[in-house]
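# Survey of secondary and tertiary structure
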Amino acid sequence: MAKSTTPRASSAKAQAAAPAGADHNRPRPETPSDYEASKDELLDFYKQMVLIRRFEEKAGQLYGLGLIGGFCHLYIGQEAVAVGIQSALKPGKDSVITGYRDHGHMLAYGIDPKIIMAELTGREAGISRGKGGSMHMFSVEHKFYGGHGIVGAQVSLGAGLGFAHKYNDDGGVCVAYFGDGAANQGQVYEAFNMAELWKLPIIFVIENNQYAMGTSVNRASSEDQLYRRGESFRIPGIQVNGMDVLAVRGATEEALKWVQGGNGPILLEMKTYRYRGHSMSDPAKYRSREEVQSMRDTSDPIEGVKKYLIEAGVGEDEIKSIDQNIRKTVSEAADFAETSPEPGMAELYTDVLVEQY
């Protein structure tokens, strides 16, 4: 079995790479520091991360019961990435686009868990009226543009969103998430090239969870330090401990500063880890149980923020109360999804473009 390049808690400090061959007189992003969160912010981070964890656990249960069909990719273990990044964004102004592991991003953006769960179960009350399922969810209101099933497709679309922000001069920034497997897609580099040429306001985020489907990143990528992938396009990169929400938020603040300063795109590699298989149908036999348990024991993002809370004076009773309330919220979302009606037959004919050319 190939050795996995897993993140460790000791890697909390991010590292930045200057573009190869870059003009040394050009500005460069600063190496970010961990975000200094207030007690209220820590509580909010904790609530969002626990909500994602419990929601995904419930989604896994419903999938096992046959209430969720098709593919279902869970975000368990990666919660700090979506929460850390999207807590720094402005909903309704900044835009987000991602791949098919998208439930956590929507929850981190404040979208109602009931309509997300209803979408997973194919119900009319779902955010895409039950027609998108797990992989294809959108919210124009929140400027959340999916949820895409084609590996890497969202990166070029994200460049388009960045172009729209610049064209409309609306002050918004696009965040385009993709995984370590998608980082080897050709369209990703076409998007990099155009984004840098046109100085688009976009943050490219590689969620490096160490395994593209079932192959470890160091077996599949000749350059497995993925934050360097933008160097040939003069796009600076920062590698971040994606298991620490404060490290993620700190790097996002620096990335926003860079992009909003008119410097063009930036690349963030989030070194994170998924505890479950690639999808619900993946038994994940390509790695040992000991490896997964080691990550849970040493780098779990929720346990990490819980330590920050205790240091900030939050008591165990308050934390337990938060956990209980979130379990209730998720249970109510599941009940809502299970009891909501399925779409009517007429829904088959909506959102379909019919034209003569």
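Shown above is the structure to which this text applies.
Treat the numbers as computed from the prediction; the structure is a model and nothing was measured.

### With respect to the packing of helix H5 (residues 153-168) against helix H6 (residues 186-197)
Between H5 and H6, the shortest axis-to-axis distance is 8 Å and the interhelical angle comes to 15°. Between H5 and H6, the angle is such that the two are roughly parallel. Between H5 and H6 lies a crossing whose hand is left-handed. Contacts between H5 and H6 involve Ala153, Val155, Ser156 and Ala159 from the former and Gln187, Val188 and Ala191 from the latter. Looking at the contact of H5 with H6, its residues break down into five nonpolar, two polar and no charged.

### Thoughts on helix H9 (residues 289-299)
Within H9, burial applies to Glu291, Val292, Met295 and Ser299. For H9, the angular spread of buried residues about the axis comes to 100°, placing them on one side. Facing away from the buried side of H9, by more than 90 degrees, are the exposed residues Arg289, Glu290 and Asp297. Elements that come into contact with the buried residues of H9 comprise strand S5 (211-212) and helix H10 (301-311).

### A word on H5
Look at H5: 23 Å from first C-alpha to last across 16 residues, which is about the 22 Å you get at 1.5 Å a residue. For H5, every residue scored as buried is listed here: Ala153, Gln154, Val155, Gly158, Ala159, Leu161, Gly162 and His165. Where the residues of H5 are buried, they touch strand S2 (95-97), strand S3 (174-179), H6 and strand S4 (202-208). One or two positions beyond H5, positive phi appears at Asp169, with a value near 50°.

### Examining the side chain of Arg229
Mapping Arg229 onto the fold places it in the loop between helix H7 (217-220) and strand S7 (237-241). One buried charged residue, Arg229, forms no salt bridge at all, with the nearest opposite charge on Glu223 at 6.1 Å. In terms of polar contacts, Arg229 uses its side chain to reach the side chain of Asn184, at 3.0 Å. Within the local environment of Arg229, its side chain forms a polar contact with the side chain of Tyr189, the two groups lying 2.6 Å apart. Sequence-distant contacts of Arg229, defined by excluding residues within four places in its chain, comprise Ala183, Asn184, Tyr189, Phe192, Ser221, Glu223 and Leu267.

### Structural notes on the pairing of S3
Taken across its six residues, S3 has five buried, putting it largely inside the fold. Bridge analysis of S2 against S3 gives three bridges, and the strand direction is parallel. Directly across from Val96, in S3, lies its bridge partner Val175. Sheet topology note: the S3/S4 ladder contains six bridges and is parallel. For Ala176, the partnering residue across the bridge sits in S4 and is Phe204.

### Overview of the packing of aromatic side chains
Counted according to the given criterion, the structure contains nine aromatic pairs. With a centroid separation of 6.1 Å and 20° between ring planes, the pair formed by Tyr189 and Phe233 is classed as stacked. Here Tyr189, found in helix H6, pairs with Phe233, found in the loop between H7 and S7; they are 44 residues apart in sequence, far enough to count as distant. Among the residues examined, Phe233 registers a relative accessible area of 19% and is labelled buried. Ring pairs connect the aromatic residues Tyr189, Phe192, Phe204 and Phe233, which therefore count as one cluster. Over the face of the ring belonging to Tyr35 we find Arg249, whose NZ or CZ atom lies 4.2 Å from the ring centre.

Rules of the game
- Residues numbered from 1 in each chain as written.
- Predicted model: local features only at pLDDT ≥ 70, side-chain atom pairs only at ≥ 80, totals over all residues.
- Heavy atoms only, no water.
- Axes fitted to C-alpha atoms, helices over the stretch in contact; angles between N-to-C directions.
- Helix = DSSP H or I, 4+ residues; strand = E, 2+ residues; numbered from the N terminus.
- Parallel < 35°, antiparallel > 145°, perpendicular 65-115°, else oblique.
- Left-handed = near helix turned anticlockwise from the far one by under 90°.
- Contact = heavy atoms within 4.5 Å.
- Nonpolar A, V, L, I, M, F, W, Y, C, P; charged D, E, K, R; others polar.
- Buried < 20%, exposed > 50% of the residue type's maximum accessible area, 1.4 Å probe, protein only.
- Arc of directions from axis to C-beta.
- Expected span 1.5 Å × (residues − 1).
- Lys, Arg positive; Asp, Glu negative; His and termini not counted.
- Salt bridge = Lys/Arg side-chain N within 4 Å of Asp/Glu carboxyl O.
- Polar contact = N/O pair within 3.5 Å; in protein donor to acceptor, adjacent residues only side chain to side chain.
- Pairing = 2+ DSSP bridges.
- Phe/Tyr/Trp six-rings, centres within 6.5 Å; stacked < 30°, edge-to-face > 60°.
- Lys NZ or Arg CZ within 6 Å of the ring centre and 35° of its normal.

Treat this as a map of the structure, not an account of what it does.
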